[in-house]
Structures are given as structure tokens and as C-alpha cells.
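Here are the chains, one letter per residue:
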Amino acid sequence: MRRSLESLKILGFVLLALLWLAIASPSALAINAQPERSVLTLELLQERLNNPVNSDGVAAIDLQHSIVDLRPENAEFRDRFYRLLQTALNQSGNPLGLNLSHSLIKGDFNGRNLGVRVPLLEESIQSVFDPEEVEKLKSKAAHLSLNLKSQEPSSMSLPKLTVLRGRLTFEETEFQGETDFRNIFFLKGVDGRNATFKQSSDWSDCRFNLLSNFAGAVFQDSGDFQRIYFIADAQFKKADFHGLATFQDSQFRVGNFNRIRFRGTADFKNTVWEKNADFGESWWQDRAGFGKSRFDTSVSFKRARFEGPVDFRDARFSETVNLREASIQGLTDFSDTGFGKGVMLNVSNLMFDSKSAQIMGDPGIIGRVLAVPTLRGNENLLRNLVQNFREQEQIVDANHIEYLRAKLKLNSLWGQIFGVNINTASIPRLVRLGFTREQAETLAEVRTEHPFRELMEILQLDGFDLATYIKVHDRAIADAKERPIGEASTSWWNWLLTATHLKAIAERVLTGLHWLQLEILLLLTGYGTNFPLVFGVGIVAIAYFGLLFWLVDRVRRRIPYPILPTLSETAWMLGSYGLFTAIGLVEIFSASGLAALTLLCLALFLLPIPGFLLWTIYRRGRYHNLLKVSYLTEDASLRQLRLMIGRLPTMPRYPMFRERYLPILWDRRWNWLNYYDFSLNNFLKFGFNDLRMRDEFMPALVTTLVWYQWSLGALYLILLFWTLSRTIPGLNLLIYLK
């Protein structure tokens, strides 16, 4: 009994569902189905003209779903069609719009026959249009040169303009012939969404006072939009140009070309963009030209795909250019391009292969403006950019990219040392980091299945906004390689190291050492890309040690009898030290953007150890033999400019050398130069004479000071040659190898 009742209930539900479908389906079909197109006749046209319809509060002539035959064999209808429409559309006081949506236009369509054709004479315009329309025509944005008074007996010789007073709508309309909309002022704008133009379409010299919407339009032949003034927004989202698309010499207020497709050449030369230009996810299958264009605000090519050459020569950018996740497969030329102060090319995650593509630009400029925010995901890109500039022998730009890569690596190491990994941090720690309790629980739940690879992935989660990302981005990292303690380890030893945090501490110490090494290279050499900086550092170090050696050698004691330099020698030494140091500091400050940190890093090498040795020497005093003889000896057999790469700072013990090496002369006025020469020998292994320490009765602390400078000099030479090999083309051919 129960089973039969259940069967009846199920049968009843099925019957009700079928009945509902039978009732709802016709109405649904009626709603979704489009009316069939009907042939437009003169009688039907006259009826539509006499009965305009209101659409969004605007009166318009409704010619939707019509088949309009404007072919030459139907010339009589064509002539009357234009004449009747022109009369109706331009009635004084109440201009009508024209709606051709979902229609089929056979033959050529001449939009100029729909408007009022007037000479560019102010008195003529005021006599035809109402004050509001006259104000729009005379506005500065219209860029019309109106004559105040005709100089000719007739105004026939004056340039003329066609004005369409109402809004033109042709949504999903198909134009089978050529379309001619040249030199028209659209006072109420154009709506041509998803329209299809089978043949060429000419919109040159037009002015759009309101929104011009060509979203989704298909231009199967050429589209000519030259010398157009888009006074309002220009909407070309998802449009498709099969042939040549020309926007040369046009001016845009806001241009939306998102997801547009150019199958042929796209020419945007000498265009002006007053506000944002959006070319996100656009597809350029042939040549693209933006030469001599001006972008007053930001321009976005995010996820754009360039399969052919792209020309930005002599363009001007006032704000950041977004090429994030774009794809460049041909030549992109930024030669003679002007970039405003602080303007960068954001090429984060750019798909670029130096073997098949190329980025060109002015040497020393293009490398500075390329920028990526993080190293993760951009390693191959930066490597390809370096190779790209090296192949063009733009070593300065290649070095800029190398420097950028090193800085990003430094930031990454800093994050690994002090950053909180959102993949492993506990919920309370995430809360202390800046997340809410709900956000921390969401992170803990999501990371168990899909660990975060980048911190920006949190923006894809519900409840996370840009403000949250900005609050934590400088203290949080996303490292998918690090595992929580509770996960299984390969051995008990690894588990013990992880559980006691010894492994994490050791990894952070090693990472810290790597960070310190990279920081030193960046501050002292610009990561091998800044020879003036290296040169300045060397001058400061050589002058400093020259002063120390002079102080140690000449200022021995005051009591019981003084062993001190003369006043003249002291003045020459201190004056020359100040001069050399000033030269080095000028080089450092002019070459480094972080000169204060560079000097601090240099001071860590020059002050602590030499200062301690010097303090110890004078605290203990000196009481050895040959106290009145200089610690330095010179090869007295000859004087010549020498390169002494393998020379050590101590005089050999072989007796024959004692006949050649004699103490330097303290009583000469130029004696102070010997200490700079010795410092130069010891630091750069290069000098004007072979100066060495004597091997008898030498204080150990003085020897330690000399050998300390010699060790720093060996390291400095490595950095110097490394920098030279990266900054002088041809010095090291290995850098050109792939």
C-alpha cells in the first residue's frame, strides 16, 4: 500500500513538471527568439518615420530587424531612403535617433547622407542648431576651426562638416557593403555593439561627443579611424579587425580595447590618450604601431599577445606601462621613447624569449625603466632580458637588469630570514601578522590542499582584499617548499632537526650569510655593474691605508726623544689625503643611489680591524732595534712603472736582496708619496716603485696591518676585474656566450 502511494506521488510530480514545461516553454521561446527580419519598403519606412519609439527616454526611428536594400539596382529606394531619413532626423527642436539594430544592410551605406551638412562658419551653425548643440560644436574638445564671418560671397568654398544630431544605434547589424561615415560630428554618440562590417568601413575625421561603443564589432575588411576625436569614452572591447586597422592621428579620452583582436596591421601612430588606455588581453597578429603617440596617464597591455613587430618609437609615457603577463614574439622597439619621471615598464611574468623576440631601446635608458616586483616567476624573464641586451651590445642595459635581479634576490633572501611563511605559520602567528581570525583559518584550510606559491594568491580567496595584502606584504612570504613540523620526514634525524628548529636556524644562518655577501656586492660594486663606484671605493681605501702607513712609520714616539714628521710633511700628507678622499667620495655619491650605506659598508672593512691594531700599537709603544729607520724598503736598483700581481709585501730573506732593497729616505720632501705608492702596490698590485716591508725588527702588529690591506686588495682586484668584464664590451667574451 505504501509503495503504491509513493508511486502515485512520484507520478503526480512528473505530470506537474511536464505541465509547467508545456506552459513555460512557449513564453521562454518568445522571449529568447529574435523576430525575423522584414524587407524595408517605402511604405513601411514612412510608417516608422511617423511613429518614432522611445528607447531609454530618447525618441528614435525604429528600423530594427529590417532588410535595407541600398544596392545600385535599387537606386530609387536608396535616394528616397536617405532623403526621408535626413529630413526626419534633423527636425529642429526635437532631433531623433536612428535604430538599425539586428538589421541587414545590403549595398554601400553612406552615413553622411543622414546628417546636416553645414560650412564651418559660426553664423551658419548658430542658425541651424540650438544653443546647446552650438556650445558642443564650439567647445575646445571638438577641435573645430570655425570662421567668424565668411570672406567669400558664398560659403561654398568653406570646409564643411556633417552633423548627426541624434544617436545612431546599429547593434548586431550586418553591413554587407562599404560604410562611409567620414567627417561626421556625432552629437549623441554611436552604439554599434556586435555589428559586422563585411567590407571596408571609413570613420575618418569624425568626432564623437558621447560614448562610441563598438564592443564586439567585427570588421572583416579595413577599418579607418584616422584623425578622430573621441571626446567621450571609446569602447572597442572584444572587437575583431580582420584587415588594416588605422587610428593614426586620433585623440582618445578613455580607450577600452580590452580583448580586442587585430588580425592585420594596427596603426596607432601619433595618437593622444588623455586618460587610461586599456589593451588588456588584446591579440596582435601582425604589426602594431604606436610611434610618436602620447599617453598622458597609464596604459595597460596586461596579458596582451604580440605576434608581430611593435613600434613605440618616439612615443611619450607619463605614467606606468603595464606589460604584466604579456607575450612578445617579435621585435618591440622603444627607441627615442620618452619616459616621465618615475615611469616604469612593468614586465612582470612577461613571456619573452631572446632567441625569437627582441626588445630594443635607447642604451642606458631602456634597461632602467624595465621593472618586476618580485624574483619568483621572473627568473627566466630577467635572464632572457640580459641576453637580449648583450646580443645588442647594450652592456649598460644588461647590467641594469643584472642589478635588478640581484636586488630582487636580496629582497627574497631578506624575506626568507625574517618573513613569516603563510604555508607553515600557526593561526595565532598569522593573526599577529595582521590577518583576522577568519582569514587565518581560511589560510590554514586552503594551504593543506594547495600551498601558496606567491603571496598575491591570497587575493583570489574570499574575504581578502588589496588592503589586507598591503598590510602584510612586507612581512609575509609564501614558500611552498617549507613543510610544517607535523608532516612526515624522510628520517628520524630530519624530524629531530625540524622539531628542535635546529634545521630552520641553520638554514636561516646560511641564508643570512648569502644575504650579507650579496649586500656587500651591491653596495661596493653595484653587483659588478658600476665601475665608477668601484673606482671611488678603491681611491678611498688606498688613501686611507696610505695615511695609516705614514702614521705608523713616521709618528713613532714623543718621549724620551721625538721621532715625528716635519710640519711641512704633515701638511702635505693630510692635505693630499683630504684631496684623494674627496675625489673618491664624489665618485661614490655620483655613482651610487645608496651612498650612505656604501660608506657604512666600506667603514666596516676599513675602521674596526685597522683601528684596533693602531690603538694597540700606540698603547704598547715601540721599543725595538732600528727604531729610527723606516719600516719600508725600496728596490734601489731601478725605478719603473710596475705591475706586481704576484708580489708579496715583505722583503725576501735572500741576502742578495738586501743589497738592492734600502730603507726609504725620511729626509726628502717628497717622502710622503712613498706611502701612497706602497698602499697602491699593496692594494692594486701596481705602482711606481717596488716598495716592501723590511724583514728585520718588524713589529707584528704593523705586519698584520700590511697583510690585512694586502688581503683586502686581493679581494678588491677580483671585484675590479669582475666589474670591468661586465662593463667594457669585448673585455670578457665569455659573457656573450649563451
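Residues numbered from 1 in each chain as written. Predicted model: local features only at pLDDT ≥ 70, side-chain atom pairs only at ≥ 80, totals over all residues. Heavy atoms only, no water.

So, about the sheet that holds strand 52 (residues 691-693). Across the sheet, which stays open at both edges, the 3 strands sit in the order 50-48-52 with antiparallel pairing between neighbours. Each end of this open sheet is capped by a strand with a single partner; those strands are strand 50 (661-663) and strand 52. Mean inter-strand twist for the sheet, computed between neighbouring axes without regard to direction, equals 40°. In this sheet, strand 50 lies alongside strand 48 (residues 632-635) in antiparallel orientation, the contact comprising 3 bridges. Bridge pairing in strand 50 links Thr633 to Pro663. Where helix 19 (residues 672-684) meets the sheet, its contacts fall on strand 48 and strand 52, and the angle it forms with strand 52 comes to roughly 85°. (Pairing = 2+ DSSP bridges. Helix = DSSP H or I, 4+ residues; strand = E, 2+ residues; numbered from the N terminus. Axes fitted to C-alpha atoms, helices over the stretch in contact; angles between N-to-C directions. Contact = heavy atoms within 4.5 Å.)

All right, on to the confidence of the model for the protein chain then. With 88% of its residues at a pLDDT of 70 or more, the protein chain shows a mean pLDDT of 85. Per-residue pLDDT stays below 50 along residues 484-489; that stretch engages in 10 contacts with residues further than four places along the chain or on separate chains. With pLDDT under 50 throughout, residues 732-738 is counted as low confidence; its partners more than four residues away or in other chains account for 11 contacts. (pLDDT = per-residue confidence, 0-100.)

So, on to the environment of Arg193. Inspection of the secondary structure puts Arg193 in the loop between strand 14 (190-191) and strand 15 (196-197). A residue is classified by how much of its surface remains accessible, and Arg193, at 31% relative accessible area, is partly exposed. Separated by 21 residues in the primary sequence, Arg193 and Phe214 have C-alpha atoms spaced 4.9 Å apart. Apart from residues lying up to four places away in sequence, Arg193 is in contact with Phe170, Glu171, Glu172, Asn213 and Ala215. (Buried < 20%, exposed > 50% of the residue type's maximum accessible area, 1.4 Å probe, protein only.)

This structure, assessed with the given rule, holds 27 salt bridges. The residue Arg71 makes a salt bridge to Asp69 at a minimum N-O spacing of 2.9 Å. Note that Asp191 and Arg193 form a salt bridge whose closest N and O atoms lie 3.0 Å from each other. When its relative accessible area of 9% is taken as the criterion, Asp191 is described as buried. The network of salt bridges with common partners includes Arg112, Asp180, Arg182 and Asp202. (Salt bridge = Lys/Arg side-chain N within 4 Å of Asp/Glu carboxyl O.)

The calculated volume of the second largest pocket comes to roughly 750 Å³. Arg368, His400, Tyr403, Lys407 and Thr529 are, among the 29 residues lining the second largest pocket, the residues nearest its centre. Every element with two or more residues in the lining of the second largest pocket is listed here: helix 6 (366-369), strand 45 (370-371), helix 8 (395-418) and helix 13 (502-525). For the lining of the second largest pocket, the leading source of residues is helix 8, giving 10 residues. Residue composition of the lining of the second largest pocket, grouped by class: 15 nonpolar, 11 polar and 3 charged. (1 Å grid on protein atoms, 1.4 Å probe; cavity = no way out; pocket = protein on both sides within 12 Å on 5 of 7 lines; lining within 4 Å. Points joined across faces, edges and corners; volume = space filled by probe spheres on them. Nonpolar A, V, L, I, M, F, W, Y, C, P; charged D, E, K, R; others polar.)

Let us look at the nonpolar core. Core analysis: the largest hydrophobic core is formed by 94 residues, its most contacted members being Phe81, Trp203, Phe236, Trp284 and Phe301. Where this core is concerned, the elements lending two or more residues are helix 2 (42-50), strand 3 (58-62), helix 3 (75-89), strand 13 (184-186), helix 6, helix 7 (379-391) and helix 8. The biggest single contributor to this core is helix 3, with 6 residues. Once residues lying within four places of it in the same chain are set aside, the contact partners of Phe236 are Phe214, Ala215, Phe225, Phe230, Phe241, Phe247, Asn256, Phe257, Asn258 and Ile260. Counting 51 residues, the second-largest nonpolar core is a separate cluster that includes Val534, Ile542, Leu606 and Leu717. (Core = buried A, V, L, I, M, F, W, Y, C linked by side-chain atoms within 4.5 Å.)

This part takes up the side chain of Asn213. Summarising the element assignment, Asn213 is placed in strand 18 (residues 212-213). In this view, Asn213 contacts Val190, Asp191, Gly192, Arg193 and Gln235; residues no more than four positions away in its chain are not counted.

Glancing now at helix 7. Taking 1.5 Å of rise per residue, 13 residues should cover 18 Å, and helix 7 covers 19 Å from first to last C-alpha, within 8% of that figure. Among the residues making up helix 7, those that are buried are Leu381, Leu382, Asn384, Leu385, Val386, Gln387, Asn388, Phe389 and Arg390. Packing partners of the buried residues in helix 7 comprise strand 43 (351-352), strand 44 (358-361), helix 6, strand 45, helix 8 and helix 20 (700-727). In the segment just after helix 7, Glu393 is the residue with positive phi, at about 60°. (Expected span 1.5 Å × (residues − 1).)

On to empty space enclosed by the protein, then. Under the defined criterion, the tally for this structure stands at 2 cavities of 30 Å³ or more. Lining the largest cavity are Phe549, Val552, Asp553, Tyr631, Leu632, Phe678, Met693, Val702, Leu705 and Val706. Within the residue set of the lining of the largest cavity, elements represented by two or more residues are helix 14 (531-554) and helix 20. Among the residues making up the lining of the largest cavity, the classes are represented as 9 nonpolar, no polar and 1 charged. Roughly 30 Å³ of internal volume is contained in the second largest cavity. Looking at side-chain class alone, the lining of the second largest cavity contains 6 nonpolar, 1 polar and no charged residues.

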